[in-house]
Amino acid sequence: MANTILVGAQWGDEGKGKIIDVLTEAADIVVRYAGGNNAGHTVFVGPQKYVLHLIPSGILRKDKTCVIGNGVVLDPVGLVKELDGLAKLGVAVTPENLLISETAHVVLPYHRELDGARELAKGKGKIGTTKRGIGPCYGDKAARVGIRVMDLVSPDRFAAKLKLRVKDANAHLKGLGAKPVSYKKILAEYSAAAEVIRPHVTNTVRYLHDATTARRGILFEGAQGTFLDLDHGTYPYVTSSNTTAGGACTGSGVPPHKMDKVVGVMKAYTTRVGEGPLPTENAEISDLLHGMGREFGSTTGRARRCGWFDAVATRHATMVNGIDELAVTNLDGLDTLATIKVCTGYRVGAVTFDHMPNDIEILALCEPVYEERPGWQTDTSGARKWKDLPAKARDYLKFIAEQTGAKLTIASIGPAREQTIFL
Ligand code: GDP
Ligand code: IMO
Ligand code: MG
C-alpha cells in the first residue's frame, strides 16, 4: 500500500474506524498520530463490535503492526483497560504488534480534573470536551512541563517529576475550587500501568523510518476531524491537537515527502458532538437519525448533533488536508428521505461565502444556502457494487464528491466490512 493518511473531513465520528479497518487489509503498519482516548473508533468484525480509543483500529487484523505515535497523548490506565477489554474478546496484543512511542505525553488524573474544572468554570461557554484531560495534557506539552512515556517507565524519574507536577496542578485546582489529587495514589496506579506497557515502549520514529526504507505500507489513522483541529477548526470549540494531515508527519516523525496519499472520510450528512458552530444543524435529520438509534457518541454516549451535508466545510477540508480520495460513510442513513438538502454556500445578509470563515462569530451568523437533491427511498444496506446502488443515490454521491473537490473511491452503506463499495 502507498503510505496513506486518513483524516476525518468533518467534526469527527465520520466512520474513520470502519474505513481504517477495511484499508488495513492492504497495509503493513497502522499509526495513530494525534489525540488520545477522546477518540472512539468503531469497528465491526462479523457481529462483534469493538470501540478503539487509543489503540489503532488496525489491531483487529492479524500480522499488522500498530503504532501509537509521539503526537498522541496517552492515558496509561485507560490503555491498560482497553488492552484488558481486547484480551477478553480474544484479540492478541503483544509487544510485537503494538508499539508505543517513548516521547508521547502522558495524561494524568490532574489533567482530567483540570479539564472538568475548567469546563465548569466556563459555564455556558463550555467546549463540551470529553473530559479525558486532553487539553490540559497538550497544554503541559506546549509549556514544556509534561511527563512523557519514557519518564513513566523509568520509576525514579517518574516519582520525582510527578511530585513536582502534582504540587503545581493542585495549586491550579485549588484556584478553580476543585479537589486536589493525591500524589501517592497516582504514583501507585500509574506505576502499575507502566509495568504493563513497558514492553511496548520504543523509539517509534526509528521504527517507522526503517519501515519506510523497507517500503512497508503505512496507514496513518487520523482521530477527531478537520474542524476539531487546533489550528484549522472552529476555535476555541476544537480539540488540542493537529488532527489534519500535517499532524501525521509531526505526530509520527515520518517526513512529508514519504506520504503518498490522503483519504478523507466523511458522512453523507454532518454530525458534531460537543458545543460550537454547526451551520447545517437541523431538527428533521437529527430526529430521523436518533429515532433509528444512530448518532450517539462512542466515547461519551452523548447524542450527536446532526445536520445536512455541508460542502463548504468538506471543500475546506480538501484544501487544508490535500484530500485526494473520499470515503463517504453512512449513506444508508438517508435511505428514507424524499428530498435531501446539501449546503453549497453560506450567506450572511447580502454576503455569500464559498469557504469557511475563520471567525466563529461570523460562522454563527451564516445561513446555509441549500441545493435540494431527490432521495432514492430504497434500502441501500445490501448493495455491494456501485451498480447495486439506486441511480439517485449514485447521483447524490457524485454530487457531494464534486462539491467537495476530491475523487470518490469508497461508499459505505453499513457498519460491516462487506458493506463497503469500492469505485
Ligand atoms: P470514527 O470516530 O470516525 O471512527 O466514527 P465512530 O465509530 O465514532 O462513529 C461512526 C459510527 O457509524 C459507528 O457507529 C460506525 O459503526 C458507524 N458506521 C460507519 N460507517 C457506517 C455506514 O456506512 N453505515 C452505518 N449504518 N453505520 C456506519
Ligand atoms: P473521533 O476520533 C467527535 C470533541 C469533543 C469536544 C471537542 C474537545 O472518535 O472522531 P476534547 O476532549 O478533545 O478536549 O474535546 O472535541 N471531540 C470529538 N468529537 N469525535 C471525536 O473523536 C472527538 N474527540 C474530541 O466532543 O467538542
Ligand atoms: Mg468516534
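Refer to the preceding data block for the structure.
Residues numbered from 1 in each chain as written. Chains lettered and ligands numbered in written order. Predicted model: local features only at pLDDT ≥ 70, side-chain atom pairs only at ≥ 80, totals over all residues. Heavy atoms only, no water.

A.B. asks: I tried to follow the site of ligand 1 on my own but got confused; where do I start?
C.D. replies: The environment of ligand 1 is formed by 20 residues, the closest being Lys16, Thr42, Ser298, Asp332 and Ser412. At 3.1 Å from an oxygen atom of ligand 1 is found a main-chain nitrogen or oxygen belonging to Glu14. Contact distances for ligand 1 include 2.7 Å between an oxygen atom and a backbone N or O atom of Lys16. For ligand 1, the accessible surface in isolation is 580 Å², of which the surrounding protein chains cover 90%. Breaking the shell around ligand 1 down by element, the ones donating at least two residues are helix 1 (16-24) and strand 3 (41-45). For the shell around ligand 1, a count of residues per class yields three nonpolar, ten polar and seven charged. Shared between two domains, the shell around ligand 1 takes at least three residues from each, and those domains are domain 1 (4-101 + 201-262) and domain 3 (266-422). (Near = heavy atom within 4 Å. Polar contact = N/O pair within 3.5 Å; in protein donor to acceptor, adjacent residues only side chain to side chain. Areas by Shrake-Rupley, 256 points an atom, 1.4 Å probe, with all protein chains shown as cover. Helix = DSSP H or I, 4+ residues; strand = E, 2+ residues; numbered from the N terminus. Nonpolar A, V, L, I, M, F, W, Y, C, P; charged D, E, K, R; others polar. Domains from an automatic or database assignment.)

A.B. asks: Can you walk me through the coordination of the magnesium ion (ligand 3) in this structure?
C.D. replies: Where a metal carries four tetrahedral donors, each ideal angle is 109.5 degrees; where it carries six octahedral donors, the ideal angles are 90 or 180 degrees. Taken together, the protein donors to the magnesium ion (ligand 3) comprise Asp13 (OD) and Gly40 (O), at separations of 2.0 to 2.2 Å. Of this pair, Asp13 sits in the loop between strand 1 (4-8) and helix 1 while Gly40 sits in the loop between strand 2 (29-32) and strand 3; the two residues are 27 residues apart in sequence, bridging distant segments of the chain. With a relative accessible area of 10%, Gly40 lands in the buried category. (Donors = N, O, S within 2.8 Å, 3.2 Å for Na, K, Ca; no water. Buried < 20%, exposed > 50% of the residue type's maximum accessible area, 1.4 Å probe, protein only.)

A.B. asks: Teacher, can you tell me more about the pairing of strand 11 (residues 261-267) here?
C.D. replies: In terms of burial, strand 11 is a largely internal element, six of the seven residues being buried. Where strand 1 and strand 11 come together, five bridges link them in parallel fashion. Counterpart to Gly8 in the pairing with strand 11 is Val265. Pairing geometry for strand 11 and strand 15 (residues 325-329), over five bridges, is parallel. Bridging across to strand 15, Val265 finds its partner in Ala327. (Pairing = 2+ DSSP bridges.)

A.B. asks: Would you explain the packing of aromatic side chains in this entry?
C.D. replies: How two aromatic rings sit relative to each other is set out by the distance from centre to centre and by the angle between their planes. Under the counting rule described, the total for this entry stands at three aromatic pairs. Taken together, a centroid distance of 4.9 Å and an interplanar angle of 35 degrees make the contact between Trp11 and Phe227 tilted. Placement of the pair is Trp11 in the loop between strand 1 and helix 1 and Phe227 in the loop between strand 10 (218-221) and helix 9 (246-250), with a sequence separation of 216 residues. Taken individually, Trp11 and Phe227 each receive the classification buried, so the pair is uniform in this respect. (Phe/Tyr/Trp six-rings, centres within 6.5 Å; stacked < 30°, edge-to-face > 60°.)

A.B. asks: Looking at this structure, I do not really get the site of ligand 2. What am I missing?
C.D. replies: Near ligand 2 lie 20 residues; those nearest to it are Asp13, Lys16, His41, Thr130 and Thr239. The side chain of Thr239 places a nitrogen or oxygen atom 2.6 Å from an oxygen atom of ligand 2. With respect to ligand 2, the backbone of Val273 contributes an N or O atom lying 3.0 Å from an oxygen atom. In isolation ligand 2 offers 550 Å² of accessible surface; the protein chains occlude 98% of this area. Of the residues in the shell around ligand 2, the class split is seven nonpolar, ten polar and three charged.

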